[in-house]
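Coordinate inspection notes
Residue strings, one per chain:
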Amino acid sequence: MRLDTTYTVNTPEGIALELSPAGPVPRTLAWLVDLMIRAGISLLIIIVLAFMGNLGLGLAMIFIFLLEWFYPVWFELRYQGQTPGKRLLNIYVAQLDASPISPAASVVRNLLRVVDFLPFFYGFGLASTLISKRFQRLGDLAANTVVLHKSLPVLNQRDLSASPEPAPLILSLPEQQALILFAQREATLTPERQQELALFTENLVKNKTDPAAYLRSLASWLIGKQA
Amino acid sequence: MKLSDLSIQVRQRSAWEAIDLGFALVRQHWQALILPYFLLLLLVALPVWLLLPEAYLPIAGLVVWWFKPLFDRLLLYILSHQLFNEQTSLAEAFSALPQLIRHTGLFSGLTYRRFSLSRSYVLPIWQLEGLRGKPLRERKELLFLQGHSNALWLTIGCIHLEFIVVLSLYTLILMFDPTGAAWEHIKSMFRGDVDIDTQYWRMLLDFGFYLLALLAIEPFYVAAGFMLYINRRTQLEAWDIEIAFRNLGERLNQLTKASAAVVPSLALLLMLTSLCLIVSPSVYAQYAESEHEFLAQERLAPEQAAAKIKEVMALDELNNRTKVKTWVAKNSQEPKPSKDQFSEGVIQLIASILKSLLWIVVIVVVILALVYRQKILSYLKPLRHQAKPTTPPEVLFGLDIRPESLPEDIAGTARRLWQEGQTREALSLLYRGALVILTHEEHLDIQAGHTEGDILKLAQPTTAADRYQYLRTLTKLWQTKAYAHRNPSQQDVEPLFTGWNQFQAPRLALSTEAVQA
């Protein structure tokens with residue numbers, strides 16, 4: 001079993017979903033972005049309410065308290081598990097099985113920040129993310145949630161231009177995927193590297209004058225292109 | 001380097017995922033890393049602590065920090081072997097150290113490249129590819145096209161993580177110190193009254209905490225940068241495709257070998273095509289169980305799955321319930337059928353009569369339209385623009401140009417006046433006559449403000465050439481007399497008298513018209 005950060009969830013229909021948890025660095029950066037936003041809003045509240053004297057400061061304290069504790073909850077429930085910082089880093093909070101985060105879980109994981117925050121600025125949270133298998137902090141473990149990378153948009157979504165040619169034998173799913181990826185990444189690979197890659201398939205491209213072009217036309221056939 | 005020996009899953013990843021993979025890599029191989037790294041750290045830290053004069057001890061942490069690139073190289077050495085599942089013993093790691101110090105650009109790494117924020121991202125180029133000079137620069141440029149910003153943010157993030165570790169350790173002591181001495185100590189630090197007795201131990205504590213932070217975070221940092229580098233090379237060289245194609249090639253080789261025993265003389269392509277008929281079911285079965293299939297290995301029993309699906313589908317997220325507010329009438333009963341059958345019938349009757357009347361009106365209008373189509377169509381023709389008849393001015397530059405003011409025989413009167421020596425009157429009469437013709441007969445749009453020249457210009461397009469020539473001569477002579485007070489000669493004037501009849505020819509028609517009117 002090769003090392004990867006992903007884990008798999010089976011749906012009842014028997015579909016295996018591959019999920020990719022986000023590690024400490026993107027999460028720290030996302031948290032920093034959110035911190036900046038919260039700090040900016042808090043400052044604004046204080047400046048505006050300071051004109052009302054002690055009453056204003058009291059109100060400001062209440063607002064900042066609410067902001068501090070319910071900013072993540074509100075965004076997680078309202079915007080598909082993404083606070084602005086998480087949106088910037090393209091990550092989101094979800095239940096462990098990738099279903100949308102429930103209100104209870106969101107409240108739990110955000111109230112438990114107080115534990116993760118200990119002893120100072122998420123010391124325990126950092127230790128927990130480094131040790132736990134899915135980069136979960138203590139609040140995540142308690143609420144059964146996980147922070148996931150949004151799956152990449154399909155890379156180089158290019159129409160395959162080669163004219164289709166049927167494959168001479170049955171190809172397995174990973175082989176088909178490799179062929180299609182090969183054709184899609186035509187623009188990012190040097191022609192020499194493409195020929196070299198094509199020759200790795202040995203017998204498939206034997207007696208072909210342009211192995212890479214032949215594999216590309218196989219890919220066109222695989223995605224169902226008509227001649 | 002054999003890609004199939006890689007211990008990581010090679011696939012397309014985002015840069016952030018690659019960084020996370022680095023963290024996972026350290027988690028997997030931390031046992032191999034920790035001992036060599038810890039020893040090397042001690043090897044640097046102990047001499048630093050012992051050799052520095054006491055006054056400089058507060059910067060001991062900084063000195064060790066400065067040697068980070070050295071630690072990075074050892075960590076990368078071990079990680080790069082672990083990546084291919086090669087175990088490196090402590091002895092191997094340390095015997096590689098001299099080579100790492102000499103041949104991996106450590107000098108520049110410790111001096112002018114020390115502050116590079118993409119340190120861990122480019123380290124593999126220095127150490128594993130061993131490039132120098134121009135190739136190194138080009139390689140860096142190629143790598144930096146993507147992933148550079150991620151490498152920068154990785155460094156910034158890891159600096160934060162180190163601080164978190166150090167500060168957390170301090171706070172832990174605060175939390176677990178019941179005497180409050182630690183808190184007093186921190187306050188005294190800010191007050192500036194340093195306790196000489198405890199200062200040495202405090203500095204040792206600082207140093208120790210910093211070493212722990214280094215020990216905890218630096219391996220992750222190096223591994224994350226390394227994985228960023230591997231991810232970039234996977235992108236550039238399509239490692240994932242290479243692995244898949246090699247597997248494919250191998251499988252085909254086995255197929256041909258198996259078939260070679262059976263049908264050695266067939267051409268390869270034919271073999272392959274026939275083979276897929278013979279062998280493919282087993283091949284397919286073999287791959288159906290492969291881990292790459294997107295179907296789960298174990299599945300629920302159908303009824304259990306159905307129950308689970310039902311449960312999931314009942315979740316709020318999958319049931320789009322929306323609240324809509326609208327106004328609804330209070331008495332929402334059906335409108336009762338009218339009891340008054342009679343009035344209903346009358347209304348129906350009137351309606352049908354009106355309807356037939358309307359039809360009759362329509363038919364009559366159509367017939368009328370047909371009868372008067374000529375007249376109606378004429379309204380549709382575009383209206384010709386009819387110029388508003390302008391009333392010509394009665395006086396132009398002091399000359400009376402009403403037709404009534406002129407004698408019947410203009411040329412004769414003028415000639416008589418000329419012979420009597422009244423040059424001015426003679427020319428004036430002729431010119432006035434000409435103006436009258438222009439304004440009243442030819443409807444030239446002459447305004448009171450026009451000059452003689454303007455009139456010539458206005459007349460030019462509509463007047464025949466010889467008449468225009470006559471008018472020009474007349475105007476010129478008149479101007480000479482009127483303004484320059486010079487008498488024209490006899491031969492100049494003679495053509496005017498003789499040509500007048502020809503010029504005024506249309507005027508006769510005008511006068512007869514006037515008589516009739």
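I will try to describe carefully the structure that is included in this document. All values reported here derive from a predicted model rather than from experimental measurement. (Residues numbered from 1 in each chain as written. Chains lettered and ligands numbered in written order. Predicted model: local features only at pLDDT ≥ 70, side-chain atom pairs only at ≥ 80, totals over all residues. Heavy atoms only, no water.)

**Quick notes on the overall build of chain A**
- A tally of regular secondary structure across chain A gives ten helices and four strands.
- When the helices and strands of chain A are listed from N to C terminus, the series reads β-β-α-α-α-β-α-α-α-α-β-α-α-α.
- Classification of the 227 residues of chain A by burial places 49% in the buried group.
- In chain A, the share of contacts with a sequence separation of at least 24, taken over all contacts with a separation of at least 6, comes to 61%.
- For chain A, the exposed area adds up to about 11,300 Å²; of that, 66% sits on carbon and sulfur atoms. (Helix = DSSP H or I, 4+ residues; strand = E, 2+ residues; numbered from the N terminus. Buried < 20%, exposed > 50% of the residue type's maximum accessible area, 1.4 Å probe, protein only. Contact = heavy atoms within 4.5 Å. Areas by Shrake-Rupley, 256 points an atom, 1.4 Å probe, with all protein chains shown as cover.)

**Digging into the nonpolar core**
Residue and element names in this part refer to chain B.
- Within the largest apolar cluster, 94 residues are counted, with the highest numbers of intra-cluster contacts made by Phe23 and Val64.
- The element best represented in this core is helix 10 (residues 196-237), accounting for 19 residues.
- Those residues in contact with Val64, other than ones at most four positions away along the chain, are Leu41, Ala45, Val48, Phe71, Phe207, Leu211 and Leu214.
- Counting 36 residues, the second-largest nonpolar core is a separate cluster that includes Leu399, Tyr431, Leu438 and Leu474. (Core = buried A, V, L, I, M, F, W, Y, C linked by side-chain atoms within 4.5 Å.)

**Notes on helix 9 (residues 191-199) of chain A**
Residues and elements named next belong to chain A.
- All of the buried residues in helix 9 are Arg193, Gln194, Leu197 and Ala198. An end-on view of helix 9 places all buried positions within 135° of arc, on one side of the element. Residues of helix 9 that are exposed and point more than 90 degrees away from the buried face comprise Glu192 and Leu199. (Arc of directions from axis to C-beta.)

**Here we look at the pairing of strand 2 (residues 16-19) of chain A**
All names here are of chain A.
- Alignment of strand 1 (residues 7-10) against strand 2, held across four bridges, turns out to be antiparallel. Along strand 2, the bridge assignment pairs Asn10 with Ala16.
- Here strand 1 hands over to strand 2 after five residues, with Gly14 in that stretch at a positive phi of 90°. (Pairing = 2+ DSSP bridges.)

**Some details on the environment of Leu199(A)**
- Secondary-structure assignment places Leu199(A) in helix 9.
- Each C-alpha atom, one on Leu199(A) and one on Ala212(A), is 8.1 Å from the other, the two residues being 13 residues apart in sequence.

**A look at the pattern of salt bridges**
- Applying the stated rule across the entire model yields 26 salt bridges over all chains.
- Asp240(B) is the salt-bridge partner of Arg185(A), the closest N and O atoms lying 2.9 Å from each other. Here Asp240(B) lies in helix 11 (residues 239-262) and Arg185(A) lies in the loop between helix 8 (173-184) and helix 9, a pairing that spans two chains.
- Taking relative accessible area as the criterion, Asp240(B) reaches 12% and is therefore assigned buried.
- For the salt bridge of Asp72(B) with Arg119(B), the shortest nitrogen-to-oxygen distance reads 3.0 Å. In this pair, Asp72(B) is assigned in helix 3 (residues 68-83) and Arg119(B) in helix 6 (residues 119-129), connecting sequence segments 47 residues apart.
- A relative accessible area of 12% places Arg119(B) in the buried class. (Salt bridge = Lys/Arg side-chain N within 4 Å of Asp/Glu carboxyl O.)

**Here's the deal with the pairing of strand 4 (residues 145-149) of chain A**
Residues and elements named next belong to chain A.
- The buried fraction of strand 4 amounts to five of the five residues, a majority that puts the element mostly inside the structure.
- By the alternation rule, side chains of strand 4 split into Thr145, Val147 and His149 and Val146 and Leu148, which are all buried.
- Pairing geometry for strand 3 (residues 91-95) and strand 4, over five bridges, is antiparallel. Bridge assignment links Gln95 to a residue of strand 4, and that residue is Thr145.

**Overview of the interface of chain B and chain A**
- With 73 residues of chain B in contact, the opposing surface of chain A contributes 69 residues.
- With both chains or domains summed, chain B and chain A bury close to 6,200 Å², and 67% of this area falls on carbon and sulfur atoms.
- Counting every contact that joins chain B to chain A gives five salt bridges.
- Run the count over chain B and chain A and you get 23 residue pairs in polar contact (both at pLDDT 80 or more).
- Residue assignment for the side of chain B that touches chain A shows that the elements contributing at least two residues are helix 1 (15-51), helix 8 (148-175), helix 10, helix 11, helix 12 (268-288) and helix 13 (302-313) of chain B.
- When residues in the side of chain B that touches chain A are grouped by element, the largest group, 14 residues, is from helix 11 of chain B. (Buried area = accessible area lost by both parts, 1.4 Å probe. Polar contact = N/O pair within 3.5 Å; in protein donor to acceptor, adjacent residues only side chain to side chain.)

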